[in-house]
Structures are given as structure tokens and as C-alpha cells.
Amino acid sequence: MKQAVVIGGGVVGCHIALELAERRYEVFLLERHSRLGMDTSTRNSGVLHAGIYYPADSLKARLCVEGNRLSREFFDRTGVQYRPSGKFIIARDRSEISEIEALRDKAIANGAEGISLVPQDTVQKRVPCVRCVGALHSASTCIIDTGDYLTTLKTLLMQRDVHLLYECPALAIDGGVRVETPRGSVDADIVINAAGLYADEVARMTGLDDFTVVPLKGDYYCTTALPLEVPVYPPPNHGHGTLGVHLTPTCGPDVIIGPSETPSRGKDNYDIETPFAVFDDSLRDMIPNYEAIRPSLREGFSGNRPRAFRGGTRCEDFIIMKQPDSVIHLLSIESPGLTSAPAIARFVVKMI
Ligand SMILES: Cc1cc2nc3c(=O)[nH]c(=O)nc-3n(C[C@H](O)[C@H](O)[C@H](O)COP(=O)(O)OP(=O)(O)OC[C@H]3O[C@@H](n4cnc5c(N)ncnc54)[C@H](O)[C@@H]3O)c2cc1C
């Protein structure tokens, strides 16, 4: 039986481990924390994206559209909690209409399902608490319970006899085939680097040393006072290439508001540091009755985007590459990585 080591127990590493186990590999999944998914995979907006924003022919576009479909099939098959909520990207004034029209064209070119422009009164009926002059509607966007998702992945991994090694960081990769850990070494025919924020450090273990992952933190506030069933996004933030502070219902009672974008003091820094004024400004733009909701806002949580640079240039797309032939590295798995995870796993397994 061939052996595989997957480094990193986030949603991407878990899906890759499952794919490999289904192909009859003996799989060792190494995770530095005491549980799966404690970094970015449970510190995000929990939105299953449709594939709207990404340049045509990019891995992000392709794997997001495929990942949306595969994820919904996976959730239906395994019982992961999710809601087919749809989503609005709103034009807050007339000047933003051309932006949502351009997004519609991009989404359709990418093959995203269920995309249409809708007038103000359609939005108003579904989300009366939000102000806009029109919107792009995405019918295939969903809300996911990420905690439930990771619990289900863990159950499936155990059923497939994957060796789950917690508190077991990869320390070195010798000759591309032996992974050193504090508990000894594991030999492998194939090693997968799915270490998220630390994928640059794991890449360096095989001599791939021109990548740097810089955490870009996103803080969230939350409230139970906003009656919202459908996620509402502004047009994306062009400066940092992020989606902008959005309003997202969850599978529970909270609506989460964020993420902001602020340089992080470290890859494991999850303190909420964004000035509240940033949320104030974004929310006043979208919610006419904002002053009534404002007192209910409380601090939520944070996540760090694994923003990768190669030789100083930002990697805009997912990077999935071999070095040497027995090690596959995944870098820059920013949004829509949660959505794309099952499609990324299939892509990786085809590379072996
Ligand atoms: C604020 C924010 C909002 C987002 N919103 C969305 C969204 O709504 N929809 C969407 O599709 N995507 C979203 N994303 C992106 C998505 O969350 C990520 O792309 C995805 O979770 C990446 O998963 P991963 O498994 O690659 O990384 P991670 O979840 O970070 O997993 C990597 C794992 O590797 C482990 N590890 C690191 N180093 C080692 C080592 N040496 N040895 C062993 N283990 C190690 C870590 O502990 C970690 O558990 C968002 C991201 C952020 C930050």
C-alpha cells in the first residue's frame, strides 16, 4: 500500500486526505493543533461562493465553480448543516451599477450558476433592512456551518482509517519522502503541503524558498438584532483585492459583519484590532436604520488570510505545484478556499 502524508488539517488538507484514502493510500494527516480546522477553516465568513469575482481561466474561478457544486453534493450526502441562502451584491448608488454589471459578465464567463441583475424592490422584499439601488443576485451562494463541516470531515477521515496525528507539526522533509515530527518520522510516497498560513515554512523544507506568506487579518463584529436571511455584499474592495465588509447570516442566530483588512502582528494573532469606525462607515452605507442596530454590535472573531508573495510579487491565484516530484505544495489558498476545497483535492490527486 502506498503511503501519503498530508501536512495541515484544515478543510483543504482534510479533503485531500479523504481523496487519497479513497484511492487506497495509507494516509497520515499531521496537524499542529489539538483539533482539525482551528486556523482559517473556521475563521471565515462561512460562505459557499459561486465563482463571481475571479479572472477567467484562473484556478480560483475554475475550482470555485466546481467546488460550489461538489460541496453542495457533499453536504447533502453527509448532512453538514448549510443553507442555500443566495446572496446579493448591492449597488449602493448609481455609480456602482456598472460595477455589478461587470461582475455579472465575469460570473457568467466563469460558469457561475444562477446569476442575475435584480431591481431595488426585489432586494427590498428579501432584505428590507438594507439600502440599495439594485443588485446582482447569486442563487447558488450558500451559508455553511464550518464547525459542523470540520466535525463531519473528521468522522469520515476516521471511518476511512486515516491516521489523525494531532499536536504533531511537520518539522522537516528529508529527500521529499520522509517527514520529521516531534514524535518520529513518517515515510511517504507522496507529501502534501496544505499548511495554510505556514505553507511557506513547509515549502522551505524542500528548498522552495521564494514564497512568503504574510497574514492579512480580517476582524468581525456580530449582532442578533439584524433581521437578515441573505448575505449582502458591497462591490469588492479594489485596493486589497478583498470582498469588502459584508453582512452574513449564520446557521445560528448571529449575523456576522466583516471581515476588515488589517496587517496582522502574527500568523497566530486573532485579537480584534480594527477601529470600530471602519465598521461604522461600512454599515452606515448599507443600513438606513443603522443607529438603532449599532448598540447591539459586539466583538466577534478574527481570521488571517494567508496572503502569499513570490519574490515580492503577490500571488493573485491559488498556487499548486510540485517540488520535488514527491511533494505538492498549496500556497495562497485565500478565499474562495473554503468553497473550493473538494475541487482542490481532486485537482491535487490528479497531479500525483
Ligand atoms: C477572514 C476570512 C474570510 C474568509 N471567507 C471565506 C468564505 O466566506 N468563503 C470561502 O470560500 N473562503 C473564505 N475564506 C478563505 C478560506 O477560509 C480558506 O481559503 C480556507 O479555510 C483554507 O483552508 P486550508 O485548509 O488551506 O488552511 P487552514 O484552515 O489554515 O489549515 C491549515 C492547517 O495547517 C496546520 N499547520 C500549519 N503548519 C503546520 C505544520 N508545520 N505541521 C502540521 N500542521 C500545520 C494549521 O494548524 C492548520 O490547521 C476566508 C478567509 C478569511 C481569512
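Residues numbered from 1 in each chain as written. Predicted model: local features only at pLDDT ≥ 70, side-chain atom pairs only at ≥ 80, totals over all residues. Heavy atoms only, no water.

Visitor: Help me out: how do you make sense of helix α5 (residues 146-159) in this one?
Guide: Note on helix geometry: an α-helix contains 3.6 residues per turn, so any two residues three or four positions apart are oriented the same way. In this model, α5 (14 residues) spans 20 Å end to end at C-alpha, consistent with the 20 Å of a helix rising 1.5 Å per residue. The set of residues buried in α5 consists of T146, Y149, L150, T152, L153, L156 and L157. Seen end-on, α5 carries its buried residues on one side only, within an arc spanning 160°. Against α1 (11-22), β2 (26-30), α2 (59-78), β8 (142-144), β9 (163-165) and α9 (337-351) lie the buried residues of α5. (Helix = DSSP H or I, 4+ residues; strand = E, 2+ residues; numbered from the N terminus. Expected span 1.5 Å × (residues − 1). Buried < 20%, exposed > 50% of the residue type's maximum accessible area, 1.4 Å probe, protein only. Arc of directions from axis to C-beta. Contact = heavy atoms within 4.5 Å.)

Visitor: I keep staring at the site of the ligand and nothing clicks. Help me out?
Guide: Close contacts around the ligand come from 38 residues, with E31, S41, V47, I333 and T339 the closest. At a separation of 3.3 Å, an oxygen atom of the ligand approaches a polar backbone atom of V11. A distance of 3.1 Å separates an oxygen atom of the ligand from a polar atom in the backbone of V12. Starting from 1,000 Å² of accessible surface for the ligand in isolation, the protein chains cover 97%. Of all elements in the fold, only α1, β19 (298-310) and α9 reach the threshold of two or more residues within the shell around the ligand. Residues belonging to the shell around the ligand are distributed by class as follows: 16 nonpolar, 16 polar and six charged. (Near = heavy atom within 4 Å. Polar contact = N/O pair within 3.5 Å; in protein donor to acceptor, adjacent residues only side chain to side chain. Areas by Shrake-Rupley, 256 points an atom, 1.4 Å probe, with all protein chains shown as cover. Nonpolar A, V, L, I, M, F, W, Y, C, P; charged D, E, K, R; others polar.)

Visitor: Explanation requested: the domain arrangement of the chain in the structure shown.
Guide: Structurally, the chain comprises domain 1 (3-47 + 147-213 + 311-351) and domain 2 (84-143 + 216-306). Look at where the C-alpha atoms of domain 1 and domain 2 centre, and you get two points 29 Å apart. Counting residues at the interface gives 18 residues for domain 1 and 20 residues for domain 2. Of the roughly 1,600 Å² buried between domain 1 and domain 2, counting both surfaces, carbon and sulfur atoms make up 51%. On the domain 1 side of the contact with domain 2, R43, V47 and L197 bury the most area, a combined 38% of that side's loss. Connecting domain 1 to domain 2 are three salt bridges. The residue D268 makes a salt bridge to R32 at a minimum N-O spacing of 2.8 Å. In this structure, the connection of domain 1 to domain 2 is made through eight residue pairs in polar contact (both at pLDDT 80 or more). Here the side of domain 1 that touches domain 2 is built from residues that sort into five nonpolar, six polar and seven charged. (Domains from an automatic or database assignment. Buried area = accessible area lost by both parts, 1.4 Å probe. Salt bridge = Lys/Arg side-chain N within 4 Å of Asp/Glu carboxyl O.)

Visitor: Is there a simple way to explain the sheet that holds strand β3 (residues 47-48) in this structure?
Guide: Strand-to-strand pairing in sheets goes through backbone hydrogen bonds, with the strands running parallel or antiparallel. Here three strands make up an open sheet; going across it, the order is β3-β8-β4 and the pairing antiparallel. Among the strands making up the open sheet, the edge pair consists of β3 and β4 (82-83). In terms of strand pairing, β3 meets β8 through two bridges, oriented antiparallel. Counterpart to L48 in the pairing with β8 is C142. (Pairing = 2+ DSSP bridges.)

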